[in-house]
Structure formats: structure tokens, C-alpha cells
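Letter by letter, the chains look like this.
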Amino acid sequence: QVQLVESGGGLVQPGGSLRLSCAASGIILRISAMRWYRQAPGNQRELVATIISGGATNYADSVKGRFTISGDNAKNTVYLQMDSLKPEDTAVYYCNADVNIDKYRERAYWGQGTQVTVSS
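Residues numbered from 1 in each chain as written. Predicted model: local features only at pLDDT ≥ 70, side-chain atom pairs only at ≥ 80, totals over all residues. Heavy atoms only, no water.

Asks: Pulling in residues and values, what's your account of the nonpolar core?
Replies: Within the largest apolar cluster, 32 residues are counted, with the highest numbers of intra-cluster contacts made by Leu 4, Met 34, Trp 36, Leu 80, Met 82 and Tyr 93. At the level of secondary structure, the elements contributing two or more residues to this core comprise strand 1 (2-7), strand 3 (18-26), strand 4 (30-39), strand 5 (46-52), strand 7 (67-72), strand 8 (77-82), strand 9 (91-100) and strand 11 (114-118). With five residues, strand 9 is the largest single contributor of residues to this core. In contact with Met 82, not counting residues within four places along its chain, are Gly 16, Ser 17, Leu 18, Leu 20, Arg 66, Phe 67, Tyr 93 and Val 116. (Core = buried A, V, L, I, M, F, W, Y, C linked by side-chain atoms within 4.5 Å. Buried < 20%, exposed > 50% of the residue type's maximum accessible area, 1.4 Å probe, protein only. Helix = DSSP H or I, 4+ residues; strand = E, 2+ residues; numbered from the N terminus. Contact = heavy atoms within 4.5 Å.)

Asks: Go over the pattern of salt bridges with me, naming the residues and quoting the values.
Replies: By the definition in use, this model includes six salt bridges. Among the ionic pairs, Lys 64 bridges to Asp 61, the shortest N-O distance being 3.2 Å. When salt bridges with common partners are traced through the structure, they connect Arg 38, Glu 46, Arg 66 and Asp 89 into a single cluster. (Salt bridge = Lys/Arg side-chain N within 4 Å of Asp/Glu carboxyl O.)

Asks: Before we move on, can you summarise the sheet that holds strand 7 with the specific residues and values?
Replies: Pairing is antiparallel in the open sheet, where four strands are placed in the order 1-3-8-7. For this open sheet the edge positions go to strand 1 and strand 7, each flanked by a neighbour on one side alone. On average, each strand axis in the sheet is tilted by 15° relative to the strand beside it, whichever way the strands run. The pairing of strand 1 with strand 3 spans six bridges and is antiparallel. Across the sheet, residue Leu 4 finds its bridge partner in strand 3, namely Ala 24. (Pairing = 2+ DSSP bridges. Axes fitted to C-alpha atoms, helices over the stretch in contact; angles between N-to-C directions.)

Asks: Give me the packing of aromatic side chains: which residues, what numbers.
Replies: Applying the stated criterion to the full structure yields one aromatic pair. Considering the side-chain rings of Tyr 37 and Trp 110, the 4.9 Å spacing of their centres and the 55° angle between planes classify their relative orientation as tilted. Separated by 73 residues along the polypeptide, Tyr 37 in strand 4 and Trp 110 in strand 10 (residues 106-110) bring together distant segments of the chain. The class of Tyr 37 is buried, set by a relative accessible area of 19%. Over the ring of Tyr 94 we find Arg 45, and its NZ or CZ is 3.8 Å from the ring centre. Positioned above the aromatic ring of Trp 110 is the side chain of Arg 45, whose terminal nitrogen or guanidinium carbon lies 4.8 Å from the ring centre. (Phe/Tyr/Trp six-rings, centres within 6.5 Å; stacked < 30°, edge-to-face > 60°. Lys NZ or Arg CZ within 6 Å of the ring centre and 35° of its normal.)

Asks: Give a description of the state of the cysteines that names residues and reports values.
Replies: Taken as a whole and judged by the stated rule, the model has one disulfide. The residue that forms a disulfide with Cys 22 is Cys 95, at a sulfur-sulfur distance of 2.1 Å. Judged by the sign of its S-S torsion, about -80°, the cystine formed by Cys 22 and Cys 95 is left-handed. Of this pair, Cys 22 sits in strand 3 while Cys 95 sits in strand 9, and the two are 73 residues apart along the sequence. (Disulfide = S-S within 2.5 Å.)

Asks: Outline the environment of Asp 61, supporting the account with residue identities and numerical values.
Replies: Mapped onto the elements of the fold, Asp 61 is located in the loop between strand 6 (57-59) and strand 7. Considering only alpha carbons, one finds Asp 61 and Asp 83, 22 residues apart in sequence, at a separation of 15 Å. Among the polar contacts listed, one links the side chain of Asp 61 to the side chain of Lys 64, at a separation of 3.2 Å. (Polar contact = N/O pair within 3.5 Å; in protein donor to acceptor, adjacent residues only side chain to side chain.)

Structure follows, in C-alpha cells:
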């Protein structure tokens, strides 16, 4: 089994910054992609940022220029640096990873989520 553990959420004022971390552990041959999603109350879960194993990244339009996703392959960890935070960024943030658990099988795993609240 593979576990994803997120950390770094909290309460921050508008314009502030937070850094989320997500560490993967367990039986991991290779991680092909890691993503951050978020879900606000009453809303569907939305994709925020993606990083693939080669390092390429992609962002939702709503966070471009404010959020930065990065990864540490040696630690199987992904980060989300969130700057210039807005109240509309308030949500539970979830980590997701596509993991090769052996030569033939790739599975998707989810973290438990971490709350980010942007409020004065």
C-alpha cells in the first residue's frame, strides 16, 4: 500500500503565503505524476496544479502566477507554495499521485486533505 500524508495547511490573512507538503510512502517503484486538488464547501473538487516525473508543471488559471508546485524525487514529496492568497483559495487541499507499485501496475492514491483558510 501507498500512503500520502499532507501537511502545512492553516489560517492565513489575504495576501499571505502557505507551503503545503505531501509525502508518499510505501511500496513505490516510480511516481509518474503528483497533483494538488482543492474542494471548497458546496463545490466540486478541482485540479489546482500538476507536476510530472520529468518536472513539467501545469496550473489552473485561477492560481497561475501565485502558486508553484515542485517535487523532490528522492523524498517522494511534492510541495505547493501558495503566495498572494485570496479568500477564494479557502478549501481543503488534497494531494494525488499516480504510482507504479510494480512493473505492470499503476494506481492513483489520495491524501487525507489539509484545510487552508484565507481570512482576515
